[in-house]
Amino acid sequence: EGLDTGADDYLVKPFSAQELVARVRSHLSLARVRTAASDAADRARRDAEAAREEAERANRAKSDFLAAMSHELRTPLNAIAGYVQLLEMGVHGPMSDSQREVLRRVQRSEHHLLSLINDVLNFVKIEAGRVEYDMRLVDLGAVVAAAAPIVEQQLQAKRIAFERRVDSGTTVWADEDKLRQVLLNLLTNAVKFTEPGGRVTVDVAPITGDADTVLL
């Protein structure tokens, strides 16, 4: 009954002083062990809380840095885009067809770099739970055509033939910038893991009998 009410131990009379002292000594030792364990658990909880707060501060600092860096990079990119437009308009004199083609490549690279910066901003938004998508009908042929020149230098360096087969009018419902980045990632990996002198082919077509699915 004593144990049921919360007592640590009991002795049956008559008992010896030696037994009493031994019991008390044992329970004092157990009490010290329990106190030490409780203190250790408290310290562990405090350390874990401090580590969590430090990790959150570091994560906020990283997100703030990425957001600031991305915004700062937009400024020179916008300047590049502006100068290219001025050149295209002939403000600095007439341009040849080959020069216009070079400018178009500069524009494509500028747009690609801008999309990468937007990806960094999207990453920050994802961590904050505020990611956004600009969903619309996207012409896959145009997406492939815009992505191909960006990897052209890598293709030429490894003497890799490139072919794209896209059915005219093939469209998908997607975020164009994110879709282009996915395609660029695929092309970059294809070039990386294709042996010199090989071939990379982008084949895009609706799956027969399934009007809602496109095979890439």
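Please refer to the structure placed before this passage.
Rules used throughout
- Residues numbered from 1 in each chain as written.
- Predicted model: local features only at pLDDT ≥ 70, side-chain atom pairs only at ≥ 80, totals over all residues.
- Heavy atoms only, no water.
- Helix = DSSP H or I, 4+ residues; strand = E, 2+ residues; numbered from the N terminus.
- Expected span 1.5 Å × (residues − 1).
- Buried < 20%, exposed > 50% of the residue type's maximum accessible area, 1.4 Å probe, protein only.
- Arc of directions from axis to C-beta.
- Salt bridge = Lys/Arg side-chain N within 4 Å of Asp/Glu carboxyl O.
- Core = buried A, V, L, I, M, F, W, Y, C linked by side-chain atoms within 4.5 Å.
- Contact = heavy atoms within 4.5 Å.

Colleague: What am I meant to see in helix H5 (residues 176-193) here?
Modeller: The terminal C-alpha atoms of H5 lie 26 Å apart, and with 18 residues this matches the ideal 26 Å at 1.5 Å per residue to within 8%. Here H5 has its buried residues at Arg180, Gln181, Leu183, Leu184, Leu187 and Val191. Summarising the axial view, the buried residues of H5 lie within an arc of 165°, below the 170-degree limit, and thus occupy one face. For H5, the exposed residues lying more than 90 degrees away from the buried face are Lys192 and Phe193.

Colleague: Mind showing me how you'd approach the pattern of salt bridges here?
Modeller: It is possible for side chains bearing opposite charge to pair when their charged atoms get close. Counted by the stated rule, this structure contains 16 salt bridges. The partner of Glu19 in a salt bridge is Arg23, and the shortest N-O contact between them spans 3.4 Å. Taken as a pair, Glu19 and Arg23 lie in helix H1 (residues 17-88) at a separation of 4 residues, close to a single helical turn. Overall, Glu19 belongs to the partly exposed group, its relative accessible area being 32%. Under the relative-accessibility criterion, Arg23 is labelled partly exposed at 29%. Between Arg136 and Asp134 there is a salt bridge, and its shortest N-O distance comes to 2.5 Å. Judged by its relative accessible area of 39%, Asp134 is partly exposed.

Colleague: Explain the nonpolar core here, please?
Modeller: The nonpolar side chains of soluble globular proteins are, as a tendency, buried together. One finds Leu183 and Leu187 to be the most contacted residues of the largest nonpolar core, which totals 18 residues. Contributions of two or more residues to this core are made by helix H3 (140-147), strand E3 (171-175), H5 and strand E4 (199-207). If sequence neighbours within four positions are ignored, Leu187 has contacts with Ala147, Ala148, Val151, Phe162, Val200 and Val202.

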